[in-house]
Amino acid sequence: MAAAPRIIVIGGGLAGLSAVIKIAEAGGTVDLFSIVPVKRSHSVCAQGGINAAKDLKGEGDTVLKHFDDTVYGGDFLANQTPVKNMTAQGPAIIDLLDRMGVPFNRTPEGLLDFRRFGGTLYQRTAFAGATTGQQLLYALDEQVRRFESEGKVKKYEGWEFLSAVLDNNGVCRGICAMDLRSMETRTFAADAIIVCTGGNGAIFGKSTNSVVCTGSAQSALYQQGAFYANGEFIQVHPTAIPGEDKLRLMSESARGEGGRVWVPRDKNDKRAAQSIPEPDRWYFLEERYPKYGNLVPRDIATREIFKVVYEDGMGIDGQPMVYLDVSHLAPEKQHKLEGILEIYEKFVGDDPRKVPMKIFPGVHYTMGGLWVDFNQQTNIPGVFAAGEADYSIHGANRLGANSLLSCIYGGFVAGPQAMAYTKNLPAQVGDGGHAAELKRQNEKNSALLNNKGTENPFKIWRELGENMTKHATIVRYNAGLDEADAKIVELLDRYKNVNLSDKSQWANTSFAFTRQLYNMLELARVIVKGARLRDESRGAHYKPEFAERNDERFLKTTKAAFVDGAPSISYEEVDTQYITPRPRVYTSS
Amino acid sequence: MTERTIKVEVKRQSGPDAKAFTETFEIPYRPNMNITSLLGEIALNPRAINGAESTPITYDSNCLEEICGSCAMLINGKAMMACSALVDKLLGAVEHGQKPDLSKTITLAPLSKFPVVRDLAVDRSVLFENLKAVKAWVPIDGTYDLGAAPRQHPQIQEERYPLSNCISCTICMEVCPQFNDVTGFVGAATIAQTKLFNMDPAGSVLKEERLRALAGDGGIQECGFAQNCVQACPKQLPLTEAISDIGRDVFIQQVKDFFTH
Ligand SMILES: Cc1cc2nc3c(=O)[nH]c(=O)nc-3n(C[C@H](O)[C@H](O)[C@H](O)COP(=O)(O)OP(=O)(O)OC[C@H]3O[C@@H](n4cnc5c(N)ncnc54)[C@H](O)[C@@H]3O)c2cc1C
Ligand code: SF4
Ligand code: FES
């Protein structure tokens, strides 16, 4: 390609903005598509921090230990080469963010401060109060705004990606997108695209994710032939505030600063939490995991809380809740948690500085995502992916504060790799498939608008969420997974009868949502099928019927392909060339 | 048993040029609802109080925890974030555990100073344009590894961090009497961001340019010190302090520029 490459980035969270910055800096021009103004992307929700082995606390931390913690924390399912690269680049990424003006917390000497997070024994997490994601996203957003004002980036905010435009050889030649105001659907040409569309929590109804985290873009690409990998690995965070509309996260940083999880030793104890004396409290994580204590990895903490509530019947007042207590912490420590303590106070009404918080696990993060090679390219030529939308790095369980790092790392790899890819791209033949893709999408739109059924899409969504939460989260049984799949198939069938109460063609949010809903249903099947076939327990995937990890059969990446309208699963070897898999035990002291 | 319900009156408008009208909904009450979950209930069963079929209400939201800045609207006439506006509180249950008064009606309307897109969604891109005008960024040399940033005392972080918490919700602009087409005032948020970047050791290299951008019409001189912004800001930014600091800096810059020209 002689002319300057045209690259489209979809999604303006940390991953997307990182890719944009690298491309603009290298002299490329980018079209940036996002449903929400990029500054309002889900990445703003991240609270606790970002990992990098800077070893500024004299603990002897190294990037290799970070590498090992990540691979071990992920129960050896992650390909090790990208994890090694990411952890090696961690310190430089933190320095860069600091140079961009992120208000990281400081030590008295003016150095970056670090806190401890789950699944490690080192203080490796840099943080900006308890709103780290917001601060990082803003720093990248500001750099992108700078490139925008220099004409290197064009933003399409309020546009939704619907699909890739593929030519006769299956090579990507652009995207099809819909303007969420005028509802106009059109195609845009590109030599390569980078998909950074985040997580898929909405498939579970209520989660800690933002509203637009539906996984719809990933699902659309999967239906166009992209592999979706490790879909069954869904992280359920141990500590979220149960809510009417969403589960609001109480970041792991609460425990990193010394927060403790407990329930009353006597399940009939009716006293107010503050007045229950120490000996009458059961700090079950500390008791069972003396070395890591409250900072065991998330999958483990989540299962322990689940057991305490449902097997031991020890939830507070018989409810599915346990205490997360920061009321004993010194005011300086509480101050570092300000952002999240405010969330609790605002939404629950109690002051967590004085009263222990009531929490329960909530769906939080997808380790699975679009399959990518070590250059962040999917199996569709010209389609790259980065951030939570791809499957690399975290294996079977993500360590806290590793996601923000993986998003930036992934974007930093995908941007230059997409540029390099376009250099050898053969010229497009004919219209590259644009007209055909536009027609396909317009047909979907008009079918939906003219549907005369009776089903309310929001009701279908609610049922999907309840079904997925019940069968495909903390504890999974094969019979339940079969039931879950049958239910999704039923919902897909009912979807054919969906009726839009709003058929207007201006800022029709329920129309856009209904389109996403279809993709959520298809992706839900991938999650359930992957879980059904994986007869072992590994990381976040736990089956009591198969309670052990089974490396012989399942030390493998799950790859789902969309074949004849259903997920077809195959397996791929995992790159374990640096660290030999060993049993994952956090109990020993 | 009769279901307990609450009434919500929504100001609606089908597009930028359409006429606005009010529609009332009756929604099943549950404790601990917020305004966004209430809007979700309407979407589940879009029927007006008189039984007429209606449509889901268009509004902006994303995080549902008051951090993305999407969902600002007028709630009972007051500019607030819909996701952190709790229904019980709006119905008079000020203290935790108090009983809400279900006979009260909640009213929802779009912000009044921004063009309506549809229903409760408005176009607030003007703020992002203003941030461009004051170059609200640190002009780094590049993203390659240039080693650690200069050391910074915790005190600077303590002062910058609260300013960096601005979620671009535009509530400070909505409530400002000076923010209108006549003055073209940039509003408090942009001024606070100017202070944030002027305070950054590397960002301060653009300090003079930023201050010049805030001199003249629509700049800091338009502020009438009504102090509504600081009262209404959901993130408690120290806005009046930022305005007076930047006001002083702009003045000094103007004097300097006068003598060097
Ligand atoms: C409450 C919470 C706290 C967290 N805290 C931490 C933490 O402390 N540390 C950590 O490391 N990780 C944390 N995480 C995880 C981390 O925040 C996310 O994994 C990460 O921010 C994802 O970033 P992203 O760039 O991949 O996607 P996102 O930030 O989700 O951005 C997705 C982008 O894609 C756009 N988009 C989506 N679909 C489409 C479409 N079809 N068309 C066009 N645009 C589209 C959206 O508009 C958005 O711009 C937390 C997560 C949650 C939920
Ligand atoms: S300063 Fe406050 S009110 Fe103004 S936009 Fe920022 S957060 Fe909103
Ligand atoms: S939805 Fe994000 S601030 Fe309300």
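Please read these numbers as outputs of a predicted model, since none were measured by experiment.

Asks: I would appreciate a short explanation of the overall build of chain B in the present structure.
Replies: Scanning chain B from terminus to terminus reveals 9 helices and 7 strands. Once the C-alpha set of chain B is aligned to its principal axes, its extents read approximately 75 × 40 × 35 Å. Here chain B, with 261 residues, has 54% of them falling under the buried criterion. Once local pairs closer than 6 in sequence are excluded, the contacts in chain B between residues at least 24 apart make up 64%. When the accessible area of chain B is evaluated, it comes to approximately 11700 Å², of which 52% is carbon and sulfur surface. In chain B, the 25 positive side-chain charges and the 31 negative ones have mean positions that sit 2 Å from each other.

Asks: What should I look at first to understand the overall build of chain A in this one?
Replies: Per the secondary structure count, chain A includes 16 helices and 21 strands. What you see for chain A is a C-alpha radius of gyration of 23 Å, in line with the 25 Å of a compact globule of 589 residues. The C-alpha extent of chain A, read off along each of the three principal axes, is 75 × 55 × 50 Å. When burial is assessed residue by residue, chain A has 66% of its 589 residues classed as buried. Sequence-distant contacts in chain A: of pairs separated by 6 or more residues, those separated by 24 or more amount to 72%.

Asks: What should I look at first to understand the nonpolar core in this one?
Replies: Soluble globular proteins: nonpolar side chains tend toward being buried together. In this structure, Ile50(A), Leu97(A), Ile194(A), Ile35(B), Ile106(B) and Leu108(B) are the most contacted members of the largest nonpolar core, which totals 177 residues. Core analysis: the second largest hydrophobic core is formed by 70 residues, Ala229(A), Leu370(A), Ile474(A) and Leu492(A) among them.

Asks: Sorry if this is basic, but what is going on with the site of ligand 1 here?
Replies: Residue and element names in this part refer to chain A. Surveying the vicinity of ligand 1 reveals 38 residues, the closest of which are Ser41, Ser43, Glu388, Ser403 and Leu404. The fraction of the free accessible surface of ligand 1 (1000 Å²) that becomes covered by protein chains is 99%. Put simply, the parts of the chain that give the shell around ligand 1 at least two residues each are helix H1 (14–25), strand S2 (29–34), strand S7 (159–166), strand S17 (357–366) and helix H11 (403–423). A breakdown of the residues in the shell around ligand 1 according to their chemical character gives 17 nonpolar, 18 polar and 3 charged.

Asks: Looking at this structure, how should I read the packing of aromatic side chains?
Replies: The geometry of two aromatic rings is summed up by the distance between their centres and the angle between their planes. Residue and element names in this part refer to chain A. This model, assessed by the stated rule, comprises 24 aromatic pairs over all chains. For the ring pair Phe33 and Phe188, a centre distance of 4.8 Å and an interplane angle of 70 degrees mean the geometry is edge-to-face. Taken together, the positions of Phe33 in strand S2 and Phe188 in strand S9 (residues 185–189) put the pair 155 residues apart, joining distant regions of the chain. With respect to class, Phe33 is no different from Phe188; both count as buried. Here the aromatic rings of Tyr310 and Phe360 are separated by 6.1 Å at their centres, their planes lie at 80 degrees, and the arrangement is edge-to-face. With Tyr310 in helix H8 (residues 298–310) and Phe360 in strand S17, the pair connects residues that are 50 residues apart, well separated along the chain. Among the aromatic residues, those joined into a ring-pair cluster are Phe33, Tyr156, Trp159 and Phe188. Taking NZ or CZ as reference, Lys22 lies 4.6 Å from the ring centre of Phe412, over its face.

Asks: Teacher, can you tell me more about the pattern of salt bridges here?
Replies: One side chain can pair with another of opposite charge once the charged atoms of both are near each other. Residues and elements named next belong to chain A. Counted according to the given criterion, the structure contains 73 salt bridges over all chains. In this structure, Asp113 engages Lys336 in a salt bridge whose closest nitrogen and oxygen atoms are separated by 3.5 Å. Of this pair, Asp113 sits in the loop between helix H3 (80–99) and strand S4 (114–116) while Lys336 is found in helix H9 (residues 331–336), placing the two residues 223 residues apart along the sequence. One salt bridge connects Arg281 with Glu278, and the closest N-O pair in it is separated by 3.8 Å. We classify Arg281 as buried; its relative accessible area is 9%. The class for Glu278 is partly exposed, based on a relative accessible area of 44%. When salt bridges that share partners are traced, they join Asp75, Glu232, Asp299, Arg303, Arg534, Glu536, Arg538, Arg549, Asp551 and Arg584 into one network.

Asks: How should I be thinking about the interface of chain A and chain B in this particular structure?
Replies: Many analyses report the size of an interface as the accessible area lost when the parts associate. Taken residue by residue, the interface counts 70 residues in chain A and 72 residues in chain B. Buried surface at the junction of chain A and chain B, summed over both partners, amounts to about 6000 Å²; 50% is from carbon and sulfur atoms. Contact with chain B buries surface across chain A, with Arg40(A), Arg99(A) and Glu244(A) losing the most and accounting together for 15% of the total. Counting the contacts that link chain A with chain B gives 8 salt bridges. With its nearest N and O atoms 2.6 Å apart, the salt bridge here joins Glu244(A) to Arg30(B). Elements with a minimum of two residues in the side of chain A that touches chain B: H1, H3, helix H4 (132–149), strand S13 (248–249), helix H10 (338–348), helix H13 (457–471) and helix H15 (509–533) of chain A. Ranked by the residues each element gives to the side of chain A that touches chain B, the list is headed by H4(A), at 9 residues. Here the side of chain A that touches chain B is composed, by residue class, of 25 nonpolar, 22 polar and 23 charged.

Asks: Honestly, the side chain of Asn397(A) in this entry has me stumped. Any pointers?
Replies: Relative to the elements of secondary structure, Asn397(A) occurs in the loop between strand S19 (383–385) and H11. In this view, Asn397(A) contacts Gly73(A), Gly74(A), Gln235(A), Pro297(A), Arg298(A), Asp299(A), Met367(A), Gly539(A), Ala540(A) and Arg584(A); residues no more than four positions away in its chain are not counted.

Asks: Would you mind going over the sheet that holds strand S14 (residues 260–264) of chain A with me for this structure?
Replies: The strands making up a sheet associate through backbone hydrogen bonding, with each pair oriented either parallel or antiparallel. Across the sheet, which stays open at both edges, the 6 strands sit in the order S13-S12-S17-S16-S14-S15 (chain A) with antiparallel pairing between neighbours. Either end of the sheet is taken by a strand with one partner, and the two such strands are S13 and strand S15 (281–282) of chain A.

Asks: Explain the domain arrangement of chain A here, please?
Replies: Residues and elements named next belong to chain A. Assigned domains within chain A: domain 1 (6–234 + 365–423), domain 2 (239–362) and domain 3 (433–549). Between the C-alpha centres of domain 2 and domain 3 there is a distance of 32 Å. The interface of domain 2 with domain 3 comprises 5 residues on the first partner and 5 residues on the second. Together domain 2 and domain 3 conceal approximately 460 Å² of surface at their shared face, both sides included; 79% is due to carbon and sulfur atoms. Area buried by domain 2 at its contact with domain 3 is led by Asp299, Arg303 and Phe306, which between them contribute 79% of it. Linking domain 2 to domain 3 there are 0 salt bridges.

Asks: Could you clarify how one ought to interpret the sheet that holds S7(A) in this entry?
Replies: Residues and elements named next belong to chain A. Sheet architecture is open: 3 strands sit in the order S7-S8-S9, paired in antiparallel fashion. Among the strands making up the open sheet, the edge pair consists of S7 and S9. With strand direction ignored, the average angle separating the axes of adjacent strands in the sheet is 30 degrees. Two elements, strand S8 (residues 172–179) and S9, share 5 bridges in a ladder whose sense is antiparallel. When the sheet's bridge partners are listed, Cys176 is paired in S9 with Thr187. Packing against the sheet, helix H12 (residues 434–450) makes contact with S7, S8 and S9, and its axis sits at approximately 155 degrees to S9.

Asks: Teacher, can you tell me more about H4(A) here?
Replies: Quick reminder: α-helices carry 3.6 residues per turn. Residues three or four places apart thus point the same way. Residues and elements named next belong to chain A. Given a rise of 1.5 Å per residue, 18 residues ought to cover 26 Å, and the 26 Å separating the end C-alpha atoms of H4 matches this to within 8%. For H4, the tally of buried residues reaches 17 of 18 residues, placing the bulk of the element in the interior. Following H4 by one or two positions, Gly151 has its phi on the positive side, about 80 degrees.

Asks: Please clarify how helix H5 (residues 216–223) of chain A should be interpreted in this entry.
Replies: Residue and element names in this part refer to chain A. Among the 8 residues in H5, 7 count as buried, and that is most of the element. Those residues of H5 that sit buried are Ser216, Ala217, Gln218, Ser219, Ala220, Leu221 and Tyr222. With its phi angle positive at about 120 degrees, Gly225 sits one or two positions after the end of H5.

Asks: For this particular structure, what's the right way to read the environment of Ile343(A)?
Replies: Along the chain, the position of Ile343(A) falls in helix H10. What Ile343(A) contacts, discounting residues up to four positions off in sequence, is Gln47(A), Ile241(A), Arg248(A), Met250(A) and Glu65(B).

Asks: Sorry, what's going on with the pairing of strand S21 (residues 566–573) of chain A here?
Replies: The side chains of a regular strand alternate between the sheet's two faces. Residues and elements named next belong to chain A. Note: strand S20 (residues 556–563) against S21, 8 bridges, orientation antiparallel. When the bridges of S21 are listed, Val563 appears paired with Ala566. Once S20 ends, the chain turns through 2 residues before running back antiparallel as S21, passing Asp564 with a positive phi of about 50 degrees.

Asks: I would appreciate a short explanation of the packing of H13(A) against H15(A) in the present structure.
Replies: Residues and elements named next belong to chain A. Running from N to C, H13 and H15 point in directions that differ by 25 degrees, and their axes come no closer than 10 Å. By the angle between their directions, the pair H13 and H15 is classed as roughly parallel. Handedness of the crossing formed by H13 with H15: left-handed. Counted together, Pro457, Phe458, Ile460, Trp461, Leu464 and Met468 of H13 and Ser510, Phe513, Thr514, Leu517, Met520, Leu521, Ala524, Ile527 and Val528 of H15 form the full contact between these two elements. Broken down by class, the residue content of the contact of H13 with H15 amounts to 13 nonpolar, 2 polar and no charged.

How each quantity is defined
Residues numbered from 1 in each chain as written. Chains lettered and ligands numbered in written order. Predicted model: local features only at pLDDT ≥ 70, side-chain atom pairs only at ≥ 80, totals over all residues. Heavy atoms only, no water. Helix = DSSP H or I, 4+ residues; strand = E, 2+ residues; numbered from the N terminus. Buried < 20%, exposed > 50% of the residue type's maximum accessible area, 1.4 Å probe, protein only. Contact = heavy atoms within 4.5 Å. Areas by Shrake-Rupley, 256 points an atom, 1.4 Å probe, with all protein chains shown as cover. Lys, Arg positive; Asp, Glu negative; His and termini not counted. Charge placed at Lys NZ, Arg CZ, Asp CG, Glu CD. Rg over C-alpha atoms; globule rule 2.2 N^0.38 Å. Core = buried A, V, L, I, M, F, W, Y, C linked by side-chain atoms within 4.5 Å. Near = heavy atom within 4 Å. Nonpolar A, V, L, I, M, F, W, Y, C, P; charged D, E, K, R; others polar. Phe/Tyr/Trp six-rings, centres within 6.5 Å; stacked < 30°, edge-to-face > 60°. Lys NZ or Arg CZ within 6 Å of the ring centre and 35° of its normal. Salt bridge = Lys/Arg side-chain N within 4 Å of Asp/Glu carboxyl O. Buried area = accessible area lost by both parts, 1.4 Å probe. Pairing = 2+ DSSP bridges. Domains from an automatic or database assignment. Axes fitted to C-alpha atoms, helices over the stretch in contact; angles between N-to-C directions. Expected span 1.5 Å × (residues − 1). Parallel < 35°, antiparallel > 145°, perpendicular 65-115°, else oblique. Left-handed = near helix turned anticlockwise from the far one by under 90°.

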